[in-house]
Amino acid sequence: MHSRLPHVPQARPWLVVCYGKQLQDQALFSASENRWYPRTIPDTRNKHIWTSNSGWLVLQDCKSGDCSLLSLVSMKELQLPKLNYHFTRFCILTSTPADRHCHVLFFEESCVLFCKPGDDKYVKQDLPLDDNTMIVTATTFEGKVYVLTSAEHAMIILECAGAAGSPFQVRRVVREGLGMEWMQPGGKCGKTLVESCGELLCVRTICSGIVGDDVSDFEVFRLDFSEMVWVKMDSIGERTIFLCLSEGVSYSKTEANIKGNCIYFTQRGCDSNLYVFDLDDRSIFVALPCPKISKRTWLFRWILLPENETDWLKLSC
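Numbers given to residues run from 1 along each chain, matching the order in which its sequence is written. For this predicted model, a pLDDT threshold of at least 70 governs which residues receive local features, and a threshold of 80 or more governs which side-chain atom pairs are given and counted, while totals over whole chains, interfaces and linings are taken from all residues. In computing side-chain values, all of the structure's heavy atoms are included and hydrogens and water are not.

Under the annotation held in an unreviewed UniProt entry, the protein carries the name KIB1-4 beta-propeller domain-containing protein and is attributed to Escallonia herrerae.

We now examine the pairing of strand E15 (residues 154–159). Across the six residues that make up E15, a large majority, five, are buried. Sheet topology places strand E14 (residues 144–149) next to E15; five bridges connect them, and they run antiparallel. What sits directly across from Tyr146, in E15, is Ile157. The pairing criterion for strands is at least two bridges between them, as found by DSSP. Secondary structure is summarised from DSSP: a helix means a run of H or I of at least four residues, a strand means a run of E of at least two, and numbering begins at the N terminus for each. Hairpin connection between E14 and E15: a loop of four residues separates the two successive antiparallel strands. Across six bridges, E15 lies against strand E16 (residues 169–174) in antiparallel orientation. When the sheet's bridge partners are listed, Met155 is paired in E16 with Val173. Residue burial is assigned from relative accessible area. The probe radius is 1.4 Å, only protein chains are included, and a residue is buried under 20% of its type maximum, exposed over 50%, and partly exposed in between.

In space, the four strands of this open sheet follow the order E5-E6-E7-E8, with antiparallel pairing throughout. Strand pairing shows two members of the sheet lacking a second neighbour, strand E5 (47–53) and strand E8 (77–80), which therefore form its edges. Along the sheet, successive strands turn relative to each other by an average axial angle of 25 degrees, direction set aside. Examined bridge by bridge, strand E7 (residues 67–71) and E8 share four bridges and lie antiparallel to one another. Directly across from Leu70, in E8, lies its bridge partner Glu77. Interaxial angles span 0 to 180 degrees and are taken between N-to-C directions of axes, which are lines fitted to C-alpha atoms, for helices over the stretch in contact.

Right, let's talk about the nonpolar core for a bit. With 18 residues, the main nonpolar core has Leu15, Val17, Ala31, Phe242, Tyr264, Leu274 and Trp302 as its most contacted residues. Elements supplying a minimum of two residues to this core: strand E2 (13–19), strand E3 (25–30), strand E21 (239–244), strand E22 (247–252), strand E23 (262–266), strand E24 (274–278) and strand E26 (298–304). Here the element with the most residues in this core is E2; it accounts for three residues. Throughout, a contact is declared for two residues whenever any of their heavy atoms are within 4.5 Å. Discounting residues that sit within four places of it in the chain, Phe242 has contacts with Pro13, Ala31, Glu247, Gly248, Val249, Tyr251, Ile258, Tyr264 and Trp302. Only buried Ala, Val, Leu, Ile, Met, Phe, Trp, Tyr and Cys residues count toward a nonpolar core, and they belong to the same one when joined by side-chain atoms within 4.5 Å. Ranked by size, the runner-up nonpolar core spans 16 residues in total, among them Val194, Val203, Val220 and Phe265.

Before going further, it helps to spend a moment on the environment of Phe168. As for its position among the elements, Phe168 is in the loop between E15 and E16. Residue class for Phe168 comes out buried when judged on its relative accessible area of 7%. Along the backbone, Phe168 and Gln125 are 43 residues apart, and their C-alpha atoms lie at a distance of 8.0 Å. Excluding its chain neighbours within four sequence positions, the residues that come into contact with Phe168 are His103, Leu105, Phe114, Gln125, Leu158, Glu159 and Cys160.

With that settled, consider the pattern of salt bridges. Here a salt bridge means any side-chain nitrogen of Lys or Arg lying within 4 Å of a carboxyl oxygen belonging to Asp or Glu. Scanning all chains against the criterion turns up nine salt bridges. A salt bridge links Glu219 to Lys232; the nearest nitrogen and oxygen atoms lie 3.0 Å apart. Linking Glu219 in strand E19 (residues 214–224) with Lys232 in strand E20 (residues 229–233), this pair joins segments that are 13 residues apart in sequence. A relative accessible area of 18% places Glu219 in the buried class. With a closest N to O distance of 3.4 Å, Glu247 and Arg301 form a salt bridge. Of the two residues, Glu247 sits in strand E22 while Arg301 sits in strand E26, which places them 54 residues apart along the sequence. Bridged by salt links that share partners, the residues Arg204, Glu219 and Lys232 form one connected network.

Here the focus is the sheet that holds strand E10 (residues 104–107). Across the sheet, four strands lie side by side as E9-E10-E11-E12; this open sheet has antiparallel pairing. Of all the strands in the sheet, just strand E9 (90–93) and strand E12 (123–126) have a single pairing partner and so form its edges. Sheet twist, expressed as the average angle between the axes of neighbouring strands with direction ignored, equals 25 degrees. Where E10 and strand E11 (residues 111–115) come together, four bridges link them in antiparallel fashion. From the neighbouring strand, Leu105 faces E11, where its bridge partner is Phe114.

This is how it looks when you write it as C-alpha coordinates:
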(Lines give C-alpha, C1' and ligand atoms only; values in the text may rest on other atoms or scores of the structure.)
Protein backbone atom coordinates (compact mmCIF):
# COMPACT_ATOMS: atom_id res chain seq x y z
CA MET A 1 0.00 0.00 0.00
CA HIS A 2 1.47 3.35 -1.00
CA SER A 3 0.74 6.98 -0.23
CA ARG A 4 2.32 10.28 -1.18
CA LEU A 5 4.16 12.77 0.96
CA PRO A 6 1.58 15.43 1.95
CA HIS A 7 1.87 18.61 -0.08
CA VAL A 8 3.13 21.48 2.04
CA PRO A 9 3.75 24.74 0.12
CA GLN A 10 7.39 25.84 0.35
CA ALA A 11 8.16 22.96 2.77
CA ARG A 12 11.66 21.78 1.91
CA PRO A 13 13.45 20.49 5.04
CA TRP A 14 12.33 17.00 6.07
CA LEU A 15 13.90 14.98 8.85
CA VAL A 16 14.13 11.25 8.13
CA VAL A 17 14.02 9.28 11.39
CA CYS A 18 15.35 5.73 11.00
CA TYR A 19 15.02 3.42 14.00
CA GLY A 20 15.11 -0.25 14.97
CA LYS A 21 18.07 -2.59 15.33
CA GLN A 22 18.73 -2.60 11.57
CA LEU A 23 17.17 0.84 10.89
CA GLN A 24 14.21 -0.98 9.36
CA ASP A 25 11.55 1.47 10.60
CA GLN A 26 11.15 5.09 9.57
CA ALA A 27 9.18 8.25 10.14
CA LEU A 28 9.30 11.63 8.39
CA PHE A 29 9.17 14.88 10.34
CA SER A 30 8.06 18.11 8.62
CA ALA A 31 9.79 21.11 10.19
CA SER A 32 7.33 23.50 8.53
CA GLU A 33 4.30 21.71 9.99
CA ASN A 34 5.98 20.59 13.20
CA ARG A 35 4.44 17.12 12.83
CA TRP A 36 5.57 13.64 11.93
CA TYR A 37 4.30 11.11 9.39
CA PRO A 38 4.63 7.34 10.04
CA ARG A 39 5.84 6.60 6.52
CA THR A 40 8.91 4.95 5.00
CA ILE A 41 10.99 5.37 1.86
CA PRO A 42 11.06 1.69 0.77
CA ASP A 43 14.50 1.67 -0.87
CA THR A 44 16.15 3.12 2.27
CA ARG A 45 14.94 0.54 4.80
CA ASN A 46 17.75 -1.34 6.60
CA LYS A 47 20.20 1.18 5.17
CA HIS A 48 22.34 3.90 6.67
CA ILE A 49 21.64 7.30 5.10
CA TRP A 50 25.01 9.03 5.01
CA THR A 51 24.04 12.33 3.39
CA SER A 52 21.88 13.93 0.71
CA ASN A 53 22.20 16.53 -2.02
CA SER A 54 19.53 17.89 -4.40
CA GLY A 55 17.21 14.91 -4.00
CA TRP A 56 19.96 12.24 -4.05
CA LEU A 57 20.84 10.09 -1.03
CA VAL A 58 24.08 8.23 -0.26
CA LEU A 59 23.06 4.87 1.23
CA GLN A 60 24.86 1.91 2.79
CA ASP A 61 23.30 -1.47 3.53
CA CYS A 62 23.52 -2.17 7.28
CA LYS A 63 24.32 -5.86 6.70
CA SER A 64 26.37 -6.13 3.51
CA GLY A 65 28.09 -2.75 3.54
CA ASP A 66 27.10 -2.16 -0.11
CA CYS A 67 26.83 1.54 -1.04
CA SER A 68 24.63 3.29 -3.57
CA LEU A 69 23.13 6.59 -4.71
CA LEU A 70 19.33 6.86 -4.70
CA SER A 71 17.31 9.53 -6.52
CA LEU A 72 14.18 10.50 -4.57
CA VAL A 73 12.62 11.84 -7.78
CA SER A 74 12.98 8.80 -10.07
CA MET A 75 13.87 6.20 -7.37
CA LYS A 76 16.79 5.28 -9.65
CA GLU A 77 19.67 3.64 -7.79
CA LEU A 78 23.35 3.79 -8.80
CA GLN A 79 25.81 1.36 -7.24
CA LEU A 80 28.96 2.58 -5.51
CA PRO A 81 32.00 0.59 -4.33
CA LYS A 82 31.62 -1.29 -1.05
CA LEU A 83 32.87 0.51 2.05
CA ASN A 84 34.19 -0.50 5.46
CA TYR A 85 32.23 2.09 7.40
CA HIS A 86 33.70 1.30 10.83
CA PHE A 87 36.35 3.99 10.29
CA THR A 88 34.15 6.50 8.47
CA ARG A 89 33.15 9.70 10.27
CA PHE A 90 30.88 11.36 7.70
CA CYS A 91 30.20 11.68 3.97
CA ILE A 92 29.71 14.38 1.34
CA LEU A 93 28.00 14.18 -2.05
CA THR A 94 29.39 17.15 -3.98
CA SER A 95 26.61 17.38 -6.61
CA THR A 96 24.14 15.24 -8.54
CA PRO A 97 25.44 12.36 -10.74
CA ALA A 98 24.53 14.40 -13.83
CA ASP A 99 27.48 16.68 -13.03
CA ARG A 100 30.70 15.26 -14.48
CA HIS A 101 32.57 16.53 -11.41
CA CYS A 102 30.26 14.68 -9.00
CA HIS A 103 32.16 12.90 -6.22
CA VAL A 104 31.23 10.90 -3.15
CA LEU A 105 33.68 11.56 -0.31
CA PHE A 106 33.91 9.48 2.88
CA PHE A 107 36.02 11.15 5.56
CA GLU A 108 38.03 9.27 8.16
CA GLU A 109 40.09 10.87 10.95
CA SER A 110 43.00 11.94 8.73
CA CYS A 111 42.11 11.01 5.15
CA VAL A 112 39.33 10.92 2.59
CA LEU A 113 38.09 8.04 0.41
CA PHE A 114 36.44 9.24 -2.78
CA CYS A 115 34.95 7.97 -6.02
CA LYS A 116 32.77 9.11 -8.89
CA PRO A 117 29.50 7.38 -9.84
CA GLY A 118 30.46 4.37 -11.95
CA ASP A 119 33.89 3.84 -10.36
CA ASP A 120 34.65 0.34 -9.07
CA LYS A 121 36.85 1.40 -6.14
CA TYR A 122 37.63 4.30 -3.83
CA VAL A 123 40.79 6.38 -3.99
CA LYS A 124 42.40 7.13 -0.63
CA GLN A 125 44.00 10.54 -0.11
CA ASP A 126 45.75 11.63 3.09
CA LEU A 127 45.20 15.24 4.15
CA PRO A 128 47.81 17.57 5.71
CA LEU A 129 46.86 17.62 9.39
CA ASP A 130 48.71 18.84 12.47
CA ASP A 131 49.85 16.26 15.00
CA ASN A 132 47.12 14.98 17.32
CA THR A 133 44.32 16.52 15.26
CA MET A 134 41.53 15.01 13.18
CA ILE A 135 38.96 15.96 10.55
CA VAL A 136 35.70 17.10 12.16
CA THR A 137 33.53 18.70 9.46
CA ALA A 138 33.42 19.45 5.74
CA THR A 139 31.04 20.80 3.13
CA THR A 140 30.93 21.86 -0.51
CA PHE A 141 30.85 25.52 -1.51
CA GLU A 142 31.06 26.92 -5.05
CA GLY A 143 32.62 23.76 -6.47
CA LYS A 144 35.20 23.22 -3.74
CA VAL A 145 35.26 21.13 -0.57
CA TYR A 146 36.11 22.95 2.65
CA VAL A 147 37.41 20.90 5.59
CA LEU A 148 37.94 21.91 9.23
CA THR A 149 39.99 19.93 11.72
CA SER A 150 40.14 19.88 15.50
CA ALA A 151 42.86 22.58 15.31
CA GLU A 152 41.20 26.00 15.41
CA HIS A 153 43.70 27.72 13.11
CA ALA A 154 43.71 25.42 10.07
CA MET A 155 41.38 24.90 7.11
CA ILE A 156 41.87 22.57 4.13
CA ILE A 157 40.40 23.27 0.69
CA LEU A 158 39.97 20.48 -1.85
CA GLU A 159 39.45 21.13 -5.54
CA CYS A 160 38.70 18.53 -8.21
CA ALA A 161 41.73 17.82 -10.40
CA GLY A 162 39.55 16.88 -13.37
CA ALA A 163 40.89 13.48 -14.46
CA ALA A 164 39.05 10.40 -13.17
CA GLY A 165 40.77 8.90 -10.14
CA SER A 166 43.15 11.84 -9.75
CA PRO A 167 43.73 13.12 -6.20
CA PHE A 168 42.11 16.39 -5.21
CA GLN A 169 44.24 19.50 -5.37
CA VAL A 170 44.85 20.44 -1.74
CA ARG A 171 45.39 23.89 -0.26
CA ARG A 172 45.98 24.34 3.46
CA VAL A 173 45.06 27.73 4.91
CA VAL A 174 46.57 28.66 8.28
CA ARG A 175 45.46 31.79 10.08
CA GLU A 176 46.22 32.44 13.71
CA GLY A 177 43.18 33.60 15.66
CA LEU A 178 40.28 32.55 13.44
CA GLY A 179 37.99 34.10 16.01
CA MET A 180 36.89 30.77 17.48
CA GLU A 181 38.21 29.04 20.58
CA TRP A 182 36.91 25.50 20.29
CA MET A 183 37.43 24.28 23.86
CA GLN A 184 35.57 25.93 26.72
CA PRO A 185 36.27 25.56 30.47
CA GLY A 186 33.84 23.05 31.95
CA GLY A 187 32.58 21.83 28.60
CA LYS A 188 33.48 21.03 25.01
CA CYS A 189 32.62 22.39 21.60
CA GLY A 190 31.97 21.11 18.12
CA LYS A 191 31.84 22.80 14.75
CA THR A 192 29.86 22.24 11.57
CA LEU A 193 30.36 23.83 8.16
CA VAL A 194 27.16 24.92 6.39
CA GLU A 195 26.58 26.55 2.99
CA SER A 196 23.93 29.23 3.51
CA CYS A 197 22.51 31.68 0.97
CA GLY A 198 25.81 32.23 -0.82
CA GLU A 199 27.92 32.27 2.34
CA LEU A 200 30.08 29.65 4.03
CA LEU A 201 29.16 29.43 7.72
CA CYS A 202 30.67 27.61 10.66
CA VAL A 203 28.29 26.74 13.49
CA ARG A 204 30.01 26.34 16.85
CA THR A 205 28.12 24.04 19.23
CA ILE A 206 28.86 24.62 22.93
CA CYS A 207 28.21 21.67 25.23
CA SER A 208 28.13 21.35 29.00
CA GLY A 209 26.86 18.86 31.60
CA ILE A 210 28.55 16.08 33.51
CA VAL A 211 29.91 14.35 30.40
CA GLY A 212 29.87 17.47 28.22
CA ASP A 213 27.23 16.19 25.79
CA ASP A 214 24.36 18.58 26.61
CA VAL A 215 24.09 21.40 24.07
CA SER A 216 23.79 24.74 25.88
CA ASP A 217 24.64 27.41 23.30
CA PHE A 218 25.55 28.15 19.68
CA GLU A 219 27.71 30.70 17.89
CA VAL A 220 27.73 31.27 14.13
CA PHE A 221 30.63 32.56 12.02
CA ARG A 222 30.89 33.42 8.32
CA LEU A 223 34.04 33.10 6.26
CA ASP A 224 35.46 36.40 4.98
CA PHE A 225 37.06 35.18 1.74
CA SER A 226 39.08 38.37 1.23
CA GLU A 227 41.06 37.78 4.45
CA MET A 228 40.26 34.06 4.87
CA VAL A 229 39.18 34.64 8.48
CA TRP A 230 36.01 33.76 10.38
CA VAL A 231 33.76 36.65 11.45
CA LYS A 232 31.27 36.16 14.27
CA MET A 233 27.60 36.82 13.43
CA ASP A 234 25.11 38.11 16.01
CA SER A 235 22.19 36.97 13.84
CA ILE A 236 21.57 34.83 10.76
CA GLY A 237 18.50 36.91 9.87
CA GLU A 238 15.70 35.14 8.04
CA ARG A 239 17.70 31.93 7.71
CA THR A 240 17.26 28.68 9.64
CA ILE A 241 20.01 26.08 10.11
CA PHE A 242 19.34 22.34 10.52
CA LEU A 243 22.08 20.25 12.15
CA CYS A 244 22.52 16.47 12.42
CA LEU A 245 25.78 14.97 13.66
CA SER A 246 28.60 16.53 11.60
CA GLU A 247 26.54 18.03 8.76
CA GLY A 248 24.09 20.86 8.36
CA VAL A 249 21.77 22.52 5.83
CA SER A 250 20.27 25.99 5.70
CA TYR A 251 17.11 27.56 4.27
CA SER A 252 15.59 30.99 4.30
CA LYS A 253 12.41 31.60 6.29
CA THR A 254 10.37 32.18 3.12
CA GLU A 255 11.57 28.89 1.62
CA ALA A 256 10.96 26.72 4.65
CA ASN A 257 7.86 28.40 6.14
CA ILE A 258 9.37 28.30 9.63
CA LYS A 259 10.78 30.80 12.13
CA GLY A 260 14.01 32.44 11.06
CA ASN A 261 17.18 33.03 13.09
CA CYS A 262 16.94 29.55 14.63
CA ILE A 263 19.00 26.35 14.70
CA TYR A 264 17.32 22.92 14.69
CA PHE A 265 19.57 20.25 16.18
CA THR A 266 19.69 16.77 17.68
CA GLN A 267 21.69 15.65 20.71
CA ARG A 268 24.08 12.72 20.81
CA GLY A 269 23.58 9.74 23.10
CA CYS A 270 20.17 8.37 24.11
CA ASP A 271 18.19 11.53 23.37
CA SER A 272 15.69 11.11 20.53
CA ASN A 273 14.26 14.64 20.67
CA LEU A 274 14.61 17.43 18.14
CA TYR A 275 15.62 20.78 19.64
CA VAL A 276 15.33 24.36 18.39
CA PHE A 277 17.74 27.09 19.50
CA ASP A 278 16.42 30.65 19.09
CA LEU A 279 19.28 33.06 18.37
CA ASP A 280 17.06 36.03 19.27
CA ASP A 281 16.73 35.22 22.97
CA ARG A 282 19.22 32.28 23.26
CA SER A 283 16.42 29.93 24.37
CA ILE A 284 16.00 26.21 23.59
CA PHE A 285 12.70 24.39 23.10
CA VAL A 286 11.98 20.80 22.17
CA ALA A 287 9.94 19.02 19.50
CA LEU A 288 9.31 15.28 19.39
CA PRO A 289 9.95 14.18 15.78
CA CYS A 290 8.79 10.58 16.30
CA PRO A 291 7.04 9.43 19.50
CA LYS A 292 7.41 5.76 18.48
CA ILE A 293 11.19 5.76 18.96
CA SER A 294 12.37 3.60 21.84
CA LYS A 295 15.83 3.68 23.38
CA ARG A 296 17.30 1.54 20.64
CA THR A 297 19.27 2.29 17.50
CA TRP A 298 18.12 5.32 15.54
CA LEU A 299 19.49 7.76 12.99
CA PHE A 300 18.41 11.32 12.20
CA ARG A 301 19.11 12.79 8.77
CA TRP A 302 17.84 15.93 7.06
CA ILE A 303 17.01 15.38 3.40
CA LEU A 304 17.00 18.07 0.75
CA LEU A 305 13.84 17.94 -1.34
CA PRO A 306 13.95 19.51 -4.81
CA GLU A 307 12.19 22.88 -5.05
CA ASN A 308 8.41 22.65 -5.66
CA GLU A 309 8.58 18.86 -5.31
CA THR A 310 6.92 17.90 -2.03
CA ASP A 311 4.09 15.61 -3.17
CA TRP A 312 5.93 13.33 -5.61
CA LEU A 313 7.63 10.94 -3.25
CA LYS A 314 5.90 7.54 -3.09
CA LEU A 315 6.05 6.15 0.43
CA SER A 316 4.74 2.95 1.97
CA CYS A 317 2.65 3.09 5.11
